[in-house]
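# A look at the structure
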Amino acid sequence: AEEAEAPVASDKTIYVDAQATGESADGTVEKPYKTLQAAIDAVDKAIIVLQSDTDENVNVSEGKVITLDLNGFTLNGGTKASSPALTNKGTVIVKDSSGSNKGTIKREDRSKDGTYYTIANEGTMTIQSGTVTNKAGDPEPAPWLGSSLICNGATQKAILNIEGGVIEQNNFIAVKNDECGTLNISGGTINSSNAQSVQNWCEATITGGTLNGIVSTWGYYSSGSFVGHTVIKDNAVINGNTYVAWH
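Residue indices follow the written sequence of each chain, beginning from 1 at its first position. Where totals are concerned, whole chains, interfaces and linings use all residues; where local detail is concerned, this predicted model gives features only for residues with pLDDT of at least 70, and gives and counts side-chain atom pairs only at 80 or more. Derived side-chain values reflect all non-hydrogen atoms in the structure, with water molecules and hydrogen atoms excluded from consideration.

This next bit is on the overall build of the protein chain. Tallying secondary structure elements over the protein chain gives 1 helix and 22 strands in all. Here the globule rule reads 2.2 Å times residues to the power 0.38, and the radius of gyration is calculated from C-alpha atoms. In terms of C-alpha radius of gyration, the protein chain reaches 18 Å, essentially the compact-globule figure of 18 Å for 247 residues. Note on classification: 1.4 Å probe, protein chains only; a residue is buried when its accessible area is under 20% of the maximum for its type, exposed when over 50%, partly exposed between these limits. Here the protein chain holds 247 residues, and 49% of them are scored as buried. Should any heavy atoms of two residues lie within 4.5 Å, those residues are counted as being in contact. Of the contacts made within the protein chain by residues no fewer than 6 positions apart, 59% connect residues no fewer than 24 positions apart. Of the roughly 11,500 Å² that the protein chain leaves accessible, carbon and sulfur atoms contribute 47%. Positive charges come from Lys and Arg, negative ones from Asp and Glu, while His and the chain ends are left out of the count. Charged groups are reduced to one reference atom each: NZ for lysine, CZ for arginine, CG for aspartic acid, CD for glutamic acid. Averaging the coordinates of the 17 positive side-chain charges in the protein chain and doing the same for the 28 negative ones gives two points 2 Å apart. The secondary structure listing takes helices from DSSP runs of H or I that are at least 4 residues long and strands from runs of E that are at least 2 residues long, numbered from the N terminus. Using the Shrake-Rupley algorithm and a 1.4 Å probe, accessible areas are obtained, with residue cover drawn only from the displayed protein chains.

See below:
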């Protein structure tokens, strides 16, 4: 059987255009990859720039170092069950060079059936700009529960840094820092006006940004020690209650 080519170590800039019509692709502006997943699979380290909206559920594997420049376009994970729009086990920077946070990562869940995270981080991720959104828990057509917009560290140690951008899910949890997660928020806007902007189960430090919604800490004992710490200081703005719950 033919062996798959090993990813090429690179820090170059490559491009993705879902509307590309060429037969071959090399990641250049003239011959962009047709899917974001194909671009991710082709490199170990790269800046990947979207040139159009793309409907995908993509995975960044361990060892890869990817800067995803949304460039004003949208990565749409749709409604595929148990499939985040973006799953990361490597190192990812998310940014939007359009300068307007128009670039978006989203799902389109409209009921509890199949709803899932928009981003699942099991590596290291930094969100610098852009928008992350879904509508889990929306009151129309009827109130329903759903999934957190972003989940950090559900199954293994993970670090999520939020430095900017807009993260919005107004009727269910916006950012869940799970039992293996470290969460650092220094900027950006997190909107969950009718629910929790942050739900923390491990270690969270909030030094900046504007959080519109409840900030909760879920504390518990594990192996004889207390787990669940949230530090809020410096320039952080919290427009909502903060509380600690024992689990």
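After that view, the rundown keeps rolling.
This part covers the confidence of the model for the protein chain. Along the chain, pLDDT gives the predictor's confidence residue by residue, from 0 to 100. Mean pLDDT over the protein chain works out to 92, with 94% of the residues at or above the 70 mark. Per-residue pLDDT stays below 50 along residues 1-9; that stretch engages in 9 contacts with residues further than four places along the chain or on separate chains.

The subject of this paragraph is the packing of aromatic side chains. Between 30 and 60 degrees the pair is tilted, below 30 it is stacked and above 60 it is edge-to-face, where a pair is any two Phe, Tyr or Trp rings, Trp via its six-membered ring, whose centres lie within 6.5 Å. Summed over the entire model, instances satisfying the criterion amount to 4 aromatic pairs. Ring centres 4.7 Å apart and planes at 45° place the aromatic pair Y116 and Y117 in the tilted group. For Y116, a relative accessible area of 26% puts it in the partly exposed group.

Attention shifts here to the pairing of strand 18 (residues 203-222). Any two strands between which DSSP finds at least two bridges are classified as paired. Sheet topology places strand 17 (residues 181-200) next to strand 18; 12 bridges connect them, and they run parallel. Across the sheet, the residue bridging to N184 is T205, located in strand 18. Bridge analysis of strand 18 against strand 20 (residues 229-232) gives 4 bridges, and the strand direction is parallel. Across the sheet, residue E203 finds its bridge partner in strand 20, namely H229. Pairing of strand 18 with strand 21 (residues 237-239), which is carried by 3 bridges, proceeds in the parallel orientation. Its bridge partner being in strand 21, T210 is matched across the sheet by V237. Sheet topology places strand 18 next to strand 22 (residues 242-246); 5 bridges connect them, and they run parallel. Note on strand 22: the bridge partner recorded for V215 is T242.

For the rest of this paragraph, the subject is the side chain of T217. With respect to the element layout, T217 can be found in strand 18. Only 2.5 Å separates the side chain of T217 from the side chain of T230, close enough to count as a polar contact. Apart from residues lying up to four places away in sequence, T217 is in contact with N200, G228, H229, T230, Y243, V244 and A245. We call two N or O atoms a polar contact when they sit within 3.5 Å, provided that within protein one can donate a hydrogen and the other can accept it, with sequence-adjacent residues counted only if both atoms are side-chain atoms.

Before going further, it helps to examine the environment of V227. Looking at the secondary structure, you find V227 in strand 19 (residues 225-227). Look at V227 and you get buried, because its relative accessible area is 15%. The spacing of V227 and E203 is 24 residues in sequence and 7.9 Å in space, taken between C-alpha atoms. For V227, the contacting residues outside a window of four places in its chain are W201, C202, W218, G219, Y220 and S222.

Bringing the pattern of salt bridges into the picture now. Between side chains of opposite charge, a pair can form when the charged atoms approach closely. Throughout this description, the term salt bridge denotes a Lys or Arg side-chain nitrogen within 4 Å of a carboxyl oxygen of Asp or Glu. For the structure shown, the criterion picks out 4 salt bridges. For K64, the salt bridge is made with D44, and the minimal N-O distance between the two is 3.9 Å. Here the residue K64 occupies a position in the loop between strand 4 (58-60) and strand 5 (65-69), and D44 occupies one in the loop between helix 1 (36-42) and strand 2 (45-50), the gap between them amounting to 20 residues. Looking at D44, the relative accessible area reads 28%, which means it is partly exposed. The shortest N-O distance in the salt bridge between E108 and K106 comes to 3.6 Å. Accessibility expressed as a relative area gives 31% for E108, which makes it partly exposed. For K106, a relative accessible area of 24% puts it in the partly exposed group.

The next point concerns the nonpolar core. Definition used in this section: a nonpolar core is a set of buried Ala, Val, Leu, Ile, Met, Phe, Trp, Tyr and Cys residues joined via side-chain atoms within 4.5 Å. Residues I167 and V175 are the most contacted members of the largest nonpolar core, which totals 41 residues. In this structure V175 touches I150, L160, I162, I167, L183, I190, S197, V198 and Q199, once residues within four positions along its chain are discounted.

Take L211: it is sitting in strand 18. By relative accessible area, L211 is classed as buried at 0%. Taking C-alpha positions, L211 is 29 Å from A81, a pair spaced 130 residues apart along the chain. The residues touching L211, leaving out its near neighbours within four places in the chain, are I185, I190, S197, V198, I206, V237, I238 and N239.

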